[in-house]
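Structure assessment
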Amino acid sequence: MKKIITALLLTSSLTAHATSAEFTAKQLQQVDEVRSAALKSPLSYELLESLTTEVGPRLPGTENDKKAVAWAKAKFNELGFDKVWLEEATFPNWRRYSESGKILTPSEQPLHLTALGNSVSTPKDGISAPVVLFETLDELIAAPANSLKGKIAYINYRMNRHIDGNGYGPAVKARGTGAVEAAKKGAVAYMMRSVSTAHHRFAHTGGSHYKEGVKKIPNVTIANPDADQIARLVALNKKVTVNINVQTQSLGEGTSYNVIGQFNGTENPEQYVLIGGHLDSWDLGTGALDDGAGVALTMAAAKHISDVKRPKRSIRVVLFAAEELGLWGAKAYFAQHKNDLHNIVAAAESDFGADVVYGFESNVDAASLPVVRAIAKELAPLNIEYIGKNQANGGPDLIPFKKAVSAPIFELAQDGTDYFDYHHTADDTLDKVTPAKLRQNTAAYAVFALMAADAKTTIKPKADTK
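First, a word on what this report is: a plain description of the structure on this page. Computed from a predicted structure; not experimentally measured. (Residues numbered from 1 in each chain as written. Predicted model: local features only at pLDDT ≥ 70, side-chain atom pairs only at ≥ 80, totals over all residues. Heavy atoms only, no water.)

1. Comments concerning the packing of helix α2 (residues 25-40) against helix α13 (residues 435-454)
The geometry of α2 relative to α13 is characterised by a closest axis approach of 8 Å and an angle of 155 degrees between their N-to-C directions. Overall, the two elements α2 and α13 adopt an arrangement that is roughly antiparallel. For α2 against α13, the interelement crossing comes out right-handed. Between α2 and α13, the residues in contact are Gln27, Leu28, Gln30, Val31, Val34, Arg35, Ala38, Leu39 and Lys40 and Arg439, Gln440, Thr442, Ala443, Ala446, Val447, Leu450, Met451 and Asp454, respectively. A class-by-class count of the residues in the contact of α2 with α13 yields 10 nonpolar, four polar and four charged. (Axes fitted to C-alpha atoms, helices over the stretch in contact; angles between N-to-C directions. Helix = DSSP H or I, 4+ residues; strand = E, 2+ residues; numbered from the N terminus. Parallel < 35°, antiparallel > 145°, perpendicular 65-115°, else oblique. Left-handed = near helix turned anticlockwise from the far one by under 90°. Contact = heavy atoms within 4.5 Å. Nonpolar A, V, L, I, M, F, W, Y, C, P; charged D, E, K, R; others polar.)

2. Some points on the pairing of strand β11 (residues 344-349)
Within β11, six of the six residues are buried, which leaves it mostly tucked inside the rest of the structure. Of the pairings in the sheet, the one linking strand β9 (residues 268-278) to β11 comprises five bridges and is parallel in character. Directly across from Leu274, in β11, lies its bridge partner Ala347. (Buried < 20%, exposed > 50% of the residue type's maximum accessible area, 1.4 Å probe, protein only. Pairing = 2+ DSSP bridges.)

3. A few points about unusual backbone geometry
Between Thr105 and the following residue, Pro106, the backbone shows a cis peptide bond with an omega angle of 15 degrees. Residue position: Pro106 is located in the loop between β1 (83-105) and β2 (109-110). Here Asp290 and Asp291 are connected by a cis peptide whose omega angle stands at 5 degrees.

4. Points about the side chain of Thr221
Within the secondary structure, Thr221 sits in strand β7 (residues 219-222). The class for Thr221 is buried, based on a relative accessible area of 0%. Among the polar contacts made by the side chain of Thr221, one reaches the main-chain carbonyl oxygen of His204 at a distance of 2.7 Å. Not counting the four nearest positions on each side in its chain, Thr221 is found in contact with His112, Leu113, Thr114, Leu116, Met192, Ser194, Ala203, His204 and Thr205. (Polar contact = N/O pair within 3.5 Å; in protein donor to acceptor, adjacent residues only side chain to side chain.)

5. Let's talk about the pattern of salt bridges
One pass over the structure, following the stated rule, counts 19 salt bridges. For Lys75, the salt bridge identified is with Glu78, shortest N-O distance 3.5 Å. Residue Lys75 and its partner Glu78 are located together in helix α4 (residues 63-78), separated by three residues, close to a single helical turn. The salt bridge involving Arg161 is made with Asp418; its shortest N-O contact spans 3.2 Å. Here Arg161, found in the loop between β5 (152-155) and α6 (168-184), pairs with Asp418, found in the loop between β14 (409-414) and α12 (419-422); they are 257 residues apart in sequence, far enough to count as distant. Given a relative accessible area of 36%, Arg161 falls into the partly exposed group. Connected through salt bridges with shared partners, the residues Asp32, Arg35 and Glu378 form a single ionic network. (Salt bridge = Lys/Arg side-chain N within 4 Å of Asp/Glu carboxyl O.)

6. Side note on the packing of aromatic side chains
Counted according to the given criterion, the structure contains 12 aromatic pairs. Ring centres of Tyr168 and Phe420 lie 4.8 Å apart, and the angle between their planes is 20 degrees; this geometry places the pair in the stacked category. With Tyr168 in helix α6 and Phe420 in helix α12, this residue pair connects regions lying 252 residues apart in the sequence. Taking 5.0 Å as the distance between ring centres and 50 degrees as the angle between the ring planes, the aromatic pair formed by Phe410 and Phe448 counts as tilted. In this pair, Phe410 sits in strand β14 while Phe448 sits in helix α13, placing the two residues 38 residues apart along the sequence. Judged by its relative accessible area of 1%, Phe410 falls in the buried class. Linked through ring pairs, Tyr168, Phe352, Tyr419 and Phe420 together constitute an aromatic cluster. Note that Arg316 overlies the ring of Tyr272, its terminal NZ or CZ placed 3.8 Å from the centroid. The ring of Trp328 carries Lys331 above its face, with NZ or CZ at 4.1 Å from the centroid. (Phe/Tyr/Trp six-rings, centres within 6.5 Å; stacked < 30°, edge-to-face > 60°. Lys NZ or Arg CZ within 6 Å of the ring centre and 35° of its normal.)

7. Considerations on the side chain of Arg95
As for its placement among the helices and strands, Arg95 is situated in strand β1. Although Arg95 lies buried, it forms no salt bridge, and the closest oppositely charged side chain, Glu63, sits 7.1 Å away as judged by the N-O distance. In this structure the side chain of Arg95 is engaged in a polar contact, spanning 2.8 Å, whose partner is the backbone oxygen of Gly61. At 2.5 Å, the side chain of Arg95 and the side chain of Asn93 are in polar contact. In this view, Arg95 contacts Pro60, Gly61, Thr62, Thr248, Gln249 and Leu251; residues no more than four positions away in its chain are not counted. (Lys, Arg positive; Asp, Glu negative; His and termini not counted.)

If you want it as structure tokens, here you go:
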């Protein structure tokens, strides 16, 4: 990795700059300075180390969540941001207290599980019941009425491994609504294979939801090796009975804050590039990959820009609250800024771990594509390929923007091949982050944000087709 970064630095230093329709030679030289500084600087890793070590896990509504908000506000001020402020976000407050499980028949064996977010508790002694295996959510939905009475529904869907994490969407549907569909069929609890590509014996948590009028039943995932064990027992026509025991609590409405830092633009400060990540994390690990890395690298990227110049438009870093429990910080941001969202000239969120950025894609008006191509040219020295489809989805916290208003969305696509080995587990810790890869991410966001903020042409969203 050291050789790779050395090569990136060399390539960067050899880049020739010439006046273009969007950027002067001086502006492009400043881009080169920012990119080189970010590739050399330990700042993003230092911020990530501080957050994950001094604060740790940051489940929304907990004391650590409050400490994270204070940490972020203090760091923004230390880094010299022109404006630093908090915006309130409310969410359904939930806690995990204890969890355990075991296979009872055909022989007693430990079962590594975790409660899904928002799950209700089992009785104090847990729930013991036979398991009925389904391979997909659709198969569970198609089960006859009352066919699961007194049983535990189990979905064994296996997530595939891919650089862009394309197996996550299909798998997460079972996580979000499986308990509702199981309860409709009479099940006493719901269990599923972790939404994961790992072979490690860690269970992966994540958000889940209930539906009004449908009984709430306990809702858990199991580690992939344990899922394989149950599948083998079922294949042998064994009666599989398990005990699951999770103790949780819903605490009503909770309050946290989006933490925002901004470097003001010199000519059009009301217009801004929005970058960031989400400040909260699940409680099992320390949230280094999800999403401490996104927090740290976007804060650092903005700082590296400010050290070289202040662009025409502002650079705003938004650290969203309560993403893991349902994008609550993003929803609050959209609601608070609904009348001035037209001032966003570009938006990108880092929320896919800390492996290298390999691709760059936009979702903008066709007239803005010359700016996009100019940015892509300056990202190329970082070994980032331009994806010219102009169909970027952006990060999760940008979903409210895409659903309700047209906005110029960008995606700096990270290599997610291994991301779901660690995602939402106790294994999401700082040692999984390679500093050189984090620096490459930081440099990519710095180049993107600086150029989007300093372009001659203001980037515009696609025409509203909603």
